[in-house]
Amino acid sequence: MINQLFFSILILAFSATLGACFLEQPKESQKVVPPTAPEGRLFASTWSQDFYAMMKYIHLYDEIHPFLYNLEGGRNNTGRILSVWKKDEIDERIRWLRLMSPRTLIIPTIFRWENDFEKVSDVIGLNGNTKVRDLHIQNILKEIDTYGYDGIDIDYEGMTCEKKEVFQEFLILLRDELHKKGKILSVAIHPKTVAEKPSVYPCKGLKSPIQVDFYEAYRGQLTHDYEFLGKVADKVKIMAYELHPRKQGFPGPGPQAPDWWIDKILEYAVARIPNEKLYMAIPTYGYDWALHCQAETKSVYYSRAKWIRDKMAPRKEEPTDVLEIFKTQPKAADWTYLRPYLYRHQGHVYSDPSLWYRMGGCDRVAFYMNRSAFEKKMKILDKYKIRGFSFWQLIEDNDPEINKYLEEKLGPELSEVH
């Protein structure tokens, strides 16, 4: 966390400005103008719930997405949005972020992942429910006006296919209202890669069947139409992570965003979304799986990776060749949570680092993110000349070497003004 000395320095440096800012809300004329990136530099954005990390590193980012809002209601939505911060916290924290980096756009995220108990239906006008949809749009605009945000980031994930057309109608209406105020529409979307053979997916409730030219014909991907989003949204962020999710079983342990996958996602995306709108979201974490035991899968950020390296005498691999490790690593038992899925690693050697170790009689593997792996992924983004990258997510427990790399990559002109 930012310590007391750090906050004391901030208060001394900004006390006069802070006092003036608290007297009134930001006026329309005070809107931040989107910057033009220096030649050869990617734009940088990040999602975060960690206010202290945002305060410390906001100067590295052209835009920041406080992961702040959710939808009110579960199976049925009211149209209102709920914040994880209290109203007075939002007001104070947004002002601090503005003071720390006036050039950084603040575009908070509204998140909802569909499951059996939480839906994205009424707020996008499904089944003709335009009253709730219109209320939802008005609530978004009111929140932007209240706190002086530069726009909104819509992150509605896992929607079933019948919502595709009404979701698109919702985005058009929201974009038009945002643009009247000079605000930005950002949309976070599921990753897709090119299908070997295009197909058609008929979905009950849609006027037209979905043309499927992508491999991942899952419910979220079916609802996020890249070509449409490339035309309507101002910024599009592809969430390139969770290729090997937390659960035990299929598809087994592996890196969250291997280089080959990022490359295939961008191959599909750049043909459908204008480069000047496109961001690739890169994870800052990995997972630690049990290979043959019924044991908890753990998230791996910097501190856990360091703990495993320091305390567990692991086999350290970077790059990681899973097939070679499976052949040569001593095993306490059959690796039932990896062996059936070895075919997924055929032909791949990952830049992502991994730690193979034993704890309590259980063989485990932890994949994680460090500077060298992050640099290699950024080079892929450079190759496709897209607008920028996004981070999921900015927290204090990210590898500090990644922050150093960003200081170098994004140029000294960013840090010199802070």
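Before reading on, note that the structure itself is shown above.
One structure accompanies this document, and this report is about it. Remember, it's a predicted structure, so these values are computed and weren't measured experimentally. (Residues numbered from 1 in each chain as written. Predicted model: local features only at pLDDT ≥ 70, side-chain atom pairs only at ≥ 80, totals over all residues. Heavy atoms only, no water.)

So, the overall build of the chain
Working step 1: For the chain, the helix and strand inventory stands at 13 helices and 17 strands.
Working step 2: The proportion of buried residues among the 418 residues of the chain is 56%.
Working step 3: Long-range contacts, defined here as pairs at least 24 residues apart, represent 76% of the contacts in the chain between residues at least 6 apart.
Working step 4: For the chain, the exposed surface amounts to about 18500 Å²; the carbon and sulfur share of it is 54%. (Helix = DSSP H or I, 4+ residues; strand = E, 2+ residues; numbered from the N terminus. Buried < 20%, exposed > 50% of the residue type's maximum accessible area, 1.4 Å probe, protein only. Contact = heavy atoms within 4.5 Å. Areas by Shrake-Rupley, 256 points an atom, 1.4 Å probe, with all protein chains shown as cover.)

Regarding the packing of helix 4 (residues 130-147) against helix 5 (residues 164-180)
Working step 1: Across the interface, helix 4 lies against helix 5 with an axial gap of 11 Å and an inter-helix angle of 35°. The interaxial crossing formed by helix 4 with helix 5 has right-handed handedness. Contacts between helix 4 and helix 5 involve R133, H136, I137, I140, L141 and I144 on the former and, on the latter, F170, L173, L174, E177 and L178.
Working step 2: When the residues that make up the contact of helix 4 with helix 5 are grouped by side-chain class, the tally is eight nonpolar, one polar and two charged. (Axes fitted to C-alpha atoms, helices over the stretch in contact; angles between N-to-C directions. Left-handed = near helix turned anticlockwise from the far one by under 90°. Nonpolar A, V, L, I, M, F, W, Y, C, P; charged D, E, K, R; others polar.)

Quick look at the pattern of salt bridges
In a structure, side chains of opposite charge can pair up when their charged atoms sit close to one another.
Working step 1: What the rule picks out here adds up to 30 salt bridges.
Working step 2: Close ionic contact of D310 with K306 constitutes a salt bridge, the shortest N to O distance being 2.8 Å. Of this pair, D310 and K306 both sit in helix 9 (residues 302-311), four residues apart, roughly one helical turn.
Working step 3: Owing to a relative accessible area of 49%, D310 belongs among the partly exposed residues under this scheme.
Working step 4: The partly exposed category is assigned to K306, whose relative accessible area is 37%.
Working step 5: Through salt bridges with shared partners, a single ionic network connects R371, E375, E401, K404 and E408. (Salt bridge = Lys/Arg side-chain N within 4 Å of Asp/Glu carboxyl O.)

Looking at the state of the cysteines
Working step 1: Throughout the structure, instances matching the rule amount to two disulfides.
Working step 2: What pairs with C161 in a disulfide is C203, and their sulfur atoms sit 2.0 Å apart. The sign of the S-S torsion, about 85°, decides the handedness of the disulfide formed by C161 and C203: right-handed. Separated by 42 residues along the polypeptide, C161 in the loop between strand 6 (151-157) and helix 5 and C203 in the loop between strand 8 (194-201) and strand 9 (210-214) bring together distant segments of the chain. C203 matches C161 in its accessibility class, with the two residues each being buried.
Working step 3: Here C293 is linked by a disulfide to C362, with a sulfur-sulfur distance of 2.4 Å. Of note, the bridge from C293 to C362 carries an S-S torsion of about 130° and is right-handed in sense. Of this pair, C293 sits in the loop between strand 12 (286-290) and strand 13 (298-300) while C362 sits in strand 16 (residues 362-367), and the two are 69 residues apart along the sequence. An identical accessibility class is assigned to C293 and C362; each is buried.
Working step 4: Among the cysteines of the chain that take part in disulfides, numbered as they appear in the sequence, the pairing is 1-2, 3-4. (Disulfide = S-S within 2.5 Å.)

Concerning the sheet that holds strand 16
Backbone-to-backbone hydrogen bonds pair the strands of a sheet. The strands run either parallel or antiparallel.
Working step 1: The five strands lie next to each other as 13-12-16-15-14, forming an open sheet whose pairing is antiparallel. Only two strands of the sheet have a single neighbouring strand rather than two, namely strand 13 and strand 14 (315-317). When strand polarity is set aside, the average angle formed by the axes of neighbouring strands in this sheet is 20°.
Working step 2: Each of strand 12, strand 13, strand 14, strand 15 (354-359) and strand 16 touches helix 9; the most contacted strand, strand 15, lies at about 60° to it. (Pairing = 2+ DSSP bridges.)

Thoughts on the packing of aromatic side chains
Working step 1: Going through the model one piece at a time under the given rule, you end up with 26 aromatic pairs.
Working step 2: Arranged with centres 6.3 Å apart and planes meeting at 70°, the rings of W47 and W392 form a pair that is edge-to-face. Of this pair, W47 sits in strand 1 (residues 43-48) while W392 sits in strand 17 (residues 388-392), and the two are 345 residues apart along the sequence. Grouping residues by exposure puts W47 and W392 together as buried.
Working step 3: Here the aromatic rings of F67 and F111 are separated by 5.2 Å at their centres, their planes lie at 40°, and the arrangement is tilted. (Phe/Tyr/Trp six-rings, centres within 6.5 Å; stacked < 30°, edge-to-face > 60°.)

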